Amino acid sequence: ANWSNLVDPDALYDVVTQQVSYSSRTPSGDAAATLTGLIAMPSLSTADNFTQRNRVIVLSHATGSTPGELSPGDAWYILASQFASRGYLVVAADNWGRGGTDVDAETYLMANRTAVNSLDLLKLTLADSRYADVYNAREVTIIGYSQGGYSALALWQLIQLTRPGELTVSEVYAGGAPYNLYETFKGVVQHLAGTCNGGAYCQFVDRETTVPFATDRILPGFLSYSNTGEVALGDVVNGNTFSTEFIEGFLADDPSFDALKVQLQLNSFTNIQSPETSFGNSNSLLHLYHSGFDRLVPIANTDELAALLSPHISVNYHQNQCNSSGYQLVSSLTDIVGVMHTLCGLAVLDDAMDDLK
């Protein structure tokens, strides 16, 4: 009942979905033509009285999703199809390391890498006359949650800084994301060291669920594609957790891990030093969401981001959306780490569908 738009998307048109290959950049910055993604749109050949939409929708997929595979079981493929059934052109890039590049490590929570690849697919799609009949303005709405919420903000930032006269980002819907990547990562290490003491970024860390996000998803990309010194994955990961040497050295400011810390900080949106200079002229509306009962990604991430950006741009932090008494009740009834994170994600997507009817 709380997600009526997802349950009944009020489809107006048949849908065409396409897996596309396109040229962009490797994580190292070299030209590459092996990336894949999804384009979804209404089927104009079967549409009666079609009305062009005033924007294009860009989806940033969450962890484990590959929309370009066009799998009926992929949540972001389903979501793309639902928006397309309402008349929208939808673009969704597969992160490097998924789809056509799945033999490589994923650019997981690497802001510039994911943003460049997504923007290249968007630009190529808008330049292709085969899709021009679906929309009548170069406005964009970006939607993402969790990992995708992080990537959505990265894409918005890249467009604001490099393409302000070419594209207009009307709205961004983003939630449940580790915007302060450094503190989120450090919180995992503090938990394993037993030095959390109720800190906002470490109090809900779960060894079985949260720790693998750091060891198996975050580290491989950073160690493969960025300057992290002489640190190798085998030096810091022991089985399904961090090695004792890494835990102690990271928290003791061992200089061996300084380069890794720098990369985590550079990919933390909460470290932007002059948001008024970078985004003061933005007319975008940022919709932010996070549940205080989220035990997978700490809510402090979104609290910090909203406080940083709201004095300079329009931010609607939907704090009541994922923190109702119903969420509190469900949280008290389960110790499964990802449940509240997922429920809030459904609320974000349902909100976006409600606004984009």
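Our structure is the block above this text.
Residues numbered from 1 in each chain as written. Predicted model: local features only at pLDDT ≥ 70, side-chain atom pairs only at ≥ 80, totals over all residues. Heavy atoms only, no water.

Undergrad: Teacher, can you tell me more about the overall build of the protein here?
TA: When helices and strands are tallied, the protein shows 13 helices and ten strands. Relative to the 2.2 N^0.38 estimate, which gives 21 Å for 357 residues, the radius of gyration of the protein is 20 Å and therefore close to what a compact globule would have. Overall, the protein is about 65 × 50 × 40 Å in size when its C-alpha atoms are taken along their principal axes. Out of the 357 residues belonging to the protein, those deemed buried represent 56%. Across the protein, every contact between residues at least 6 apart in sequence was considered, and the portion connecting residues at least 24 apart equals 78%. Put simply, the protein shows about 14800 Å² of open surface, and 46% of that area lies on carbon and sulfur atoms. Taking the 16 positively charged and 37 negatively charged side chains of the protein as two groups, their mean positions are separated by 5 Å. (Helix = DSSP H or I, 4+ residues; strand = E, 2+ residues; numbered from the N terminus. Rg over C-alpha atoms; globule rule 2.2 N^0.38 Å. Buried < 20%, exposed > 50% of the residue type's maximum accessible area, 1.4 Å probe, protein only. Contact = heavy atoms within 4.5 Å. Areas by Shrake-Rupley, 256 points an atom, 1.4 Å probe, with all protein chains shown as cover. Lys, Arg positive; Asp, Glu negative; His and termini not counted. Charge placed at Lys NZ, Arg CZ, Asp CG, Glu CD.)

Undergrad: For this particular structure, what's the right way to read the environment of Leu38?
TA: Mapped onto the elements of the fold, Leu38 is located in strand S2 (residues 31–42). Sequence spacing of Leu38 and Asp94 is 56 residues, and the spatial spacing of their C-alpha atoms is 7.7 Å. The residues contacting Leu38, other than those within four sequence positions of it, are Gln18, Val20, Pro67, Gly68, Leu70, Tyr77, Ala80, Val90, Val91, Ala92 and Leu121.

Undergrad: Sorry, what's going on with the packing of helix H2 (residues 75–85) against helix H13 (residues 339–355) here?
TA: Helix-helix packing is characterised by the crossing angle of the two axes and by the distance between the axes. Between H2 and H13, the shortest axis-to-axis distance is 11 Å and the interhelical angle comes to 15 degrees. Our classification of the angle between H2 and H13 gives roughly parallel. The two elements H2 and H13 cross, and the hand of that crossing is right-handed. Along the contact surface, H2 presents Trp76, Leu79, Gln82 and Phe83, while H13 presents Leu349, Ala352 and Met353. Residues that form the contact of H2 with H13 fall into these classes: six nonpolar, one polar and no charged. (Axes fitted to C-alpha atoms, helices over the stretch in contact; angles between N-to-C directions. Parallel < 35°, antiparallel > 145°, perpendicular 65-115°, else oblique. Left-handed = near helix turned anticlockwise from the far one by under 90°. Nonpolar A, V, L, I, M, F, W, Y, C, P; charged D, E, K, R; others polar.)

Undergrad: What exactly am I supposed to notice about the state of the cysteines here?
TA: Simply put, the disulfide is a covalent bond whose two ends are the sulfur atoms of two cysteines. Under the criterion given, the structure shown has two disulfides. The side chain of Cys196 participates in a disulfide bridge whose partner is Cys202; the two sulfur atoms lie 2.1 Å from each other. With the S-S bond torsion at 90 degrees, the cross-link from Cys196 to Cys202 turns out right-handed. Each disulfide pairs two cysteine sulfurs, and for Cys322 the partner residue is Cys344, the sulfurs being separated by 2.1 Å. Its torsion about the S-S bond being 85 degrees, the disulfide of Cys322 and Cys344 is classed as right-handed. Taken as a pair, Cys322 in the loop between strand S10 (314–317) and helix H12 (325–333) and Cys344 in helix H13 lie far apart in primary sequence, 22 residues in all. Neither Cys322 nor Cys344 differs from the other in exposure class; each is buried. (Disulfide = S-S within 2.5 Å.)

Undergrad: I'm lost on the packing of aromatic side chains in this one. Help?
TA: Two aromatic rings are characterised by how far apart their centres lie and by the angle between their planes. Applying the stated rule across the entire model yields twelve aromatic pairs. With centroids separated by 6.4 Å and ring planes inclined at 85 degrees, the aromatic side chains of Phe83 and Tyr88 adopt a geometry described as edge-to-face. Note on accessibility: Phe83 and Tyr88 belong to one class, buried. Pairwise contacts between aromatic rings join Tyr182, Phe185, Phe242, Phe246, Phe250 and Phe257 into one cluster. Directly above the ring of Phe250 sits Lys261, whose terminal nitrogen or CZ lies 4.8 Å from the centroid. (Phe/Tyr/Trp six-rings, centres within 6.5 Å; stacked < 30°, edge-to-face > 60°. Lys NZ or Arg CZ within 6 Å of the ring centre and 35° of its normal.)

Undergrad: Quick question: what am I supposed to make of the sheet that holds S2 here?
TA: Sheets are built from strands that pair by backbone hydrogen bonding, the pairs being arranged parallel or antiparallel. As summarised here, the arrangement of the eight strands in space is S1-S2-S4-S3-S5-S6-S9-S10, forming an open sheet in which the pairing is mixed. Looking at the sheet topology across the chains shown, the edges are occupied by strand S1 (15–25) and S10. The sheet shows a mean angle of 20 degrees between the axes of neighbouring strands, direction not considered. Sheet analysis places strand S6 (residues 168–175) next to strand S9 (residues 285–289), joined by five bridges and oriented parallel. Paired with Gly175 across the two strands is Tyr289, which belongs to S9. Docked against the sheet, helix H3 (residues 111–126) engages S1, S2, strand S3 (56–60), strand S4 (89–93) and strand S5 (139–145), running at close to 120 degrees with respect to S1. On top of the sheet, H13 reaches S5, S6 and S9; it is set at about 160 degrees to S5, its chief contact. (Pairing = 2+ DSSP bridges.)

Undergrad: Can you walk me through the nonpolar core in this structure?
TA: Considering soluble globular proteins, one finds that nonpolar side chains tend to be buried as a cluster. Grouped together as the largest cluster of nonpolar side chains are 77 residues, with contacts concentrated most on Leu122, Ile142, Trp156, Phe185, Phe242, Phe246 and Phe269. When residues in this core are grouped by element, the largest group, eight residues, is from helix H4 (residues 147–162). Excluding residues that lie within four positions of it along the chain, Ile142 makes contacts with Val58, Ser60, Ala152, Leu155, Trp156, Ile159, Val169, Glu171, Val172 and Tyr173. Formed by 30 residues, the second largest nonpolar core is a distinct cluster that contains Val90, Tyr145, Cys322 and Val348. (Core = buried A, V, L, I, M, F, W, Y, C linked by side-chain atoms within 4.5 Å.)

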